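These are the residues of each chain, in order.
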Amino acid sequence: MKSIRNLYLSALVLLLFSCSGQQGTTVGSTPEVEKRVEKLLSQMTLAEKIGQMNQVSAGGEVGNYADALRKGQIGSILNEVDPVKLNEFQRLAVEESRLGIPLLVGRDVIHGFHTIFPIPLGLAATFDPALVEEGARVAASEATAQGVRWTFSPMLDIARDPRWGRIAEGSGEDTYLDARMGEAMVRGYQGTSLDSTSMAACVKHFVGYGAAEGGRDYNSTFLTERQLRNVYLPPFEAAIKAGAMTLMTSFNDNDGVPSTANAFVVKDVLRGEWGFDGLVVTDWDSMGEMIDHGFGEDRKDVAEKAVNAGVDMDMMTFGFLSHLEELVKNGAVSRKSIDNAVRNILRVKVMLGLFEHPYVDVEAAKAVQYAPEHLASAQKSVEESVILLKNSGVLPLKGGQRILVTGPMADAPHDQLGTWVFDGEKAHTVTPLKALQELFPGKVDYVPGLTFSRDKRNNFFDVMAAARRADVVLVFLGEEAILSGEAHSLADLNLKGSQSELLAALKATGKPVVATVMAGRPLTIERDLPNVDAMLYSFHPGTMGGPALANILFGKVNPSGKTPITFLRTVGQAPMYYSHNNTGRPYRGETLLDDIPAEAGQTSLGNTSYYLDYGAYPLFPFGYGLSYTTFAYSGIGLDKEVYKADDTITVTFTLANTGKYDGTEVAQVYIRDLVGSITRPVKELKAFERVSLKAGESRTLTVKIPVQELAFVGLDGVKKVEAGDFQLWVAGDSASGEALSFKVQ
Ligand code: BGC
């Protein structure tokens, strides 16, 4: 949310965005909102102000909280979604407290409320911000109908280590893609103008949380200011420009400073540089955890540090409630800081219209959940997110064959929903088995082989016998939902249990084997690829995974998803990402382990940066994904050879569908700044476009990239475009294409 003083600037930006074809947002404060906030503030006691800064997880009976609500000691609750209870909570706050300030009701609505969409990493694989925005709108309409007006989403943490379980909750490794997805989710949750279906977005976790050392959740990060500014902060800045009303601080300490007390990122960057006057909430007890970090002595100490760093609301430490009054009275925290925090909270409540409409219609709320159009949107999201990784001609399948369905994820209604789902019910999930049985009655045999992904059973006679009777084997593998997400990091990324053994047994039958992997992260599947004729990768797909996958397997939908994250050959390669800097010794294809003679003499001469055992490349690069058809790029050209810093680069190219099926390609534009005041990434994504083409059709396309998109924070600490030579690629993934050259003056 932009500050009031930036309102007119926002309007101008909005106008510019709409002119350039991007959708802006009309979310922003107004003088009337500010007047109401100030009036309320002037009527509040210090205790009532501090009460607004307190957020409580509201389990159990509403009556347990009645006294605190009447006294104005709770500003927000989370984790209650029963609309009857929520109306009662609001009634106590609105009708029985002195000032009648409504509650802000929060919930983790991460990839859908009841109708569950693919996990965010899967949504990112669509490279389709408009569809992602639509999904967030669906989530908002279901959640707000029940009284939830604040979601703790989108998670904008750049994640480059698939061991980190929360990689599932974000958009992957790339700053540009993450920013586009974040803006889309903000627009979807909040709507282009605020009304009773608007759910305030909360961009999280600020900041650097995804860079946890070793991929172990909650771990320390050591990001320099330049890395923060060039890689980790831009998605947050973009989402805030798109109107995000709230932000959450993260659990990690960066270079020794826990985010919840990091005045540099919260006060200087977020508030100062970006003019954010929305609500900043801590993560769950992240204030209290500063005591464990060794950054504060007790709850009083950490409360002082958090509020003085610019935090407005405490989620579940209760440190503000118990200590802020004393801290204000002894001068450790100023009244001005408290007033600013409360302003930020009240502003969100006023803008959401909570004072006018604190209650929901319980009957109407029921009708909205799992609405047919919501399920259709969820299905389309899966259809666009599934990535075809291998196809030796077996896909798409023809109907009429005898099918064996097997594997632990074929009929796993809970697990295909993915991580951090609190409201989606497995009874509504359509699994691949269910969808296939409906499509081909009497033609589908089902022998699970393994009952869950960690199942270590090693006898597959029943599955093999069934495979021999079938024309084709569809095996559904992957991870249970609980193996990814918060606090669920892994040190080994191979398929768990006996899944690889099951694949090998199926391969031994000689029948065509088509594998679909459903997981919360990119698993290391290199050893499994030789055992399949085709492989689809579907990050946990949510409620409608089954019908979407059936449509893809049988060619009703042509896969178009692209990897939003590098797929590693082995976990020891982590972290590996496409936009790395060049070393002084870039890889040139060197001697691998088995080619080194015994007792070879040690030398580093001529050697480059790689692993002796795994070389320098991943299994699949960022942006990769096959189709049932083929695409060819030609005639790639730029409108100029030399650009000025305020120019726009116009890239023109022809994309042809050269195969036999209609299909959709995600055309990607990458740029490299060859020489900078600091070393620059070997490639950076700067634009992408989904293009649908009929078989045999070709189209000439134009992509515009403002030269300002090439700006970065260089040696002098200032963000700007540096003059010099650049290269540009247009291709279907980050490892393909021929470079074109241009200059910036
Ligand atoms: C997570 C947040 C989440 C919060 C509330 C924390 O454990 O880190 O992402 O929003 O819980 O459920």
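Before going into details, it helps to say that this report is about the structure given with it.

Scoring rules and cut-offs
Residues numbered from 1 in each chain as written. Predicted model: local features only at pLDDT ≥ 70, side-chain atom pairs only at ≥ 80, totals over all residues. Heavy atoms only, no water. Near = heavy atom within 4 Å. Polar contact = N/O pair within 3.5 Å; in protein donor to acceptor, adjacent residues only side chain to side chain. Areas by Shrake-Rupley, 256 points an atom, 1.4 Å probe, with all protein chains shown as cover. Pairing = 2+ DSSP bridges. Helix = DSSP H or I, 4+ residues; strand = E, 2+ residues; numbered from the N terminus. Buried < 20%, exposed > 50% of the residue type's maximum accessible area, 1.4 Å probe, protein only. Right-handed = clockwise from strand over helix to strand, strands pointing away. Contact = heavy atoms within 4.5 Å. Arc of directions from axis to C-beta. Salt bridge = Lys/Arg side-chain N within 4 Å of Asp/Glu carboxyl O. Core = buried A, V, L, I, M, F, W, Y, C linked by side-chain atoms within 4.5 Å. Domains from an automatic or database assignment.

**A closer look at the site of the ligand**
Here's step 1: Within the structure, the ligand sits among Leu78, Asp108, Phe152, Arg166, Lys204, His205, Met248, Phe251, Asp283, Trp284, Met315 and Glu486.
Here's step 2: Side-chain polar atom of Lys204 to an oxygen atom of the ligand: 2.7 Å apart, as the coordinates give it.
Here's step 3: Asp283 is positioned such that a nitrogen or oxygen atom in its side chain is 2.6 Å from an oxygen atom of the ligand.
Here's step 4: Protein chains bury 94% of the 310 Å² of accessible surface belonging to the ligand in isolation.

**Considering the sheet that holds strand β6 (residues 246–249)**
Here's step 1: Here we have eight strands laid out as an open sheet, ordered β9-β6-β5-β4-β3-β2-β1-β10, and parallel in their pairing. Unpaired on one side and paired on the other, β9 (279–281) and β10 (314–315) mark the two borders of the sheet.
Here's step 2: Across two bridges, strand β4 (residues 150–151) lies against strand β5 (residues 200–206) in parallel orientation. The residue bridging Thr151 from the neighbouring strand is Ala201, located in β5.

**With respect to the pairing of strand β12 (residues 403–406)**
Here's step 1: Neither face of β12 is left uncovered, since the one carrying Ile403 and Val405 and the one carrying Leu404 and Thr406 both have all their residues buried.
Here's step 2: As paired elements, β12 and strand β13 (residues 444–446) share three bridges and run parallel to each other. Bridged to Val405 within β13 is Tyr446.
Here's step 3: Considered for its hand, the β-α-β crossover made up of β12, helix α18 (residues 432–439) and β13 is right-handed.
Here's step 4: Across four bridges, the pairing between β12 and strand β14 (residues 472–478) is parallel.

**Regarding helix α20 (residues 499–508)**
Here's step 1: Taken together, the buried positions of α20 are occupied by Gln499, Ser500, Leu502, Leu503, Ala505 and Leu506.
Here's step 2: Here the buried face of α20 lies against β12, α19 (461–469), β14 and β15 (513–519).
Here's step 3: Phi for Gly510, located one or two positions after α20, is positive at around 80°.

**Some remarks on unusual backbone geometry**
Here's step 1: Of note, the amide linkage connecting Ser153 to Pro154 takes the cis form, showing an omega dihedral of 5°.
Here's step 2: Topologically, Pro154 is positioned in the loop between β4 and α8 (175–190).
Here's step 3: The step from Leu395 to Pro396 runs through a cis peptide bond, and the omega angle for that step is -5°.
Here's step 4: By the secondary structure assignment, Pro396 is in the loop between β11 (387–391) and β12.
Here's step 5: Its identity is not glycine, yet Met316 carries a phi of approximately 75°, on the positive side.
Here's step 6: Tracing the chain through its elements places Met316 in the loop between β10 and α14 (319–329).
Here's step 7: Despite not being glycine, Ala487 has its phi angle at roughly 65°, a positive value.
Here's step 8: By the secondary structure assignment, Ala487 is in the loop between β14 and α20.

**Let's talk about α18**
Here's step 1: Where α18 is concerned, the buried positions are Pro432, Leu433, Ala435 and Leu436. All buried residues of α18 project into a common sector of 165° when viewed along the axis, lining one side.

**What about the pattern of salt bridges?**
A pair can form between side chains of opposite charge whenever their charged atoms are brought close.
Here's step 1: Applying the stated rule across the entire model yields 43 salt bridges.
Here's step 2: Across the salt bridge formed by Glu38 and Arg343, the nearest N and O atoms sit 2.5 Å from each other. Taken together, the positions of Glu38 in helix α2 (residues 31–43) and Arg343 in helix α15 (residues 335–351) put the pair 305 residues apart, joining distant regions of the chain.
Here's step 3: Lys743 is the partner of Asp725 in a salt bridge, and the nearest nitrogen-oxygen pair spans 2.7 Å. On the criterion of sequence distance, the pair formed by Asp725 in strand β25 (residues 724–731) and Lys743 in strand β26 (residues 740–744) is long-range, its members being 18 residues apart.
Here's step 4: Here Asp725 falls in the partly exposed class, since its relative accessible area comes to 36%.
Here's step 5: One network of salt bridges, with partners in common, ties together Asp108, Arg166, Glu169, Lys204 and Glu486.

**Topic: the nonpolar core**
For soluble globular proteins, nonpolar side chains are generally found buried alongside one another.
Here's step 1: With 170 residues, the main nonpolar core has Phe206, Phe320, Leu395 and Leu474 as its most contacted residues.
Here's step 2: Considering each element in turn, this core owes the most residues, eight residues, to α15.
Here's step 3: Here this core spans two domains, since at least three of its residues come from each of domain 1 (246–349) and domain 2 (631–744).
Here's step 4: Each residue touching Phe206, except ones within four places of it in the same chain, is listed here: Leu233, Phe236, Leu247, Met248, Thr249, Ser250, Ser259, Val265, Val266, Leu270 and Trp274.

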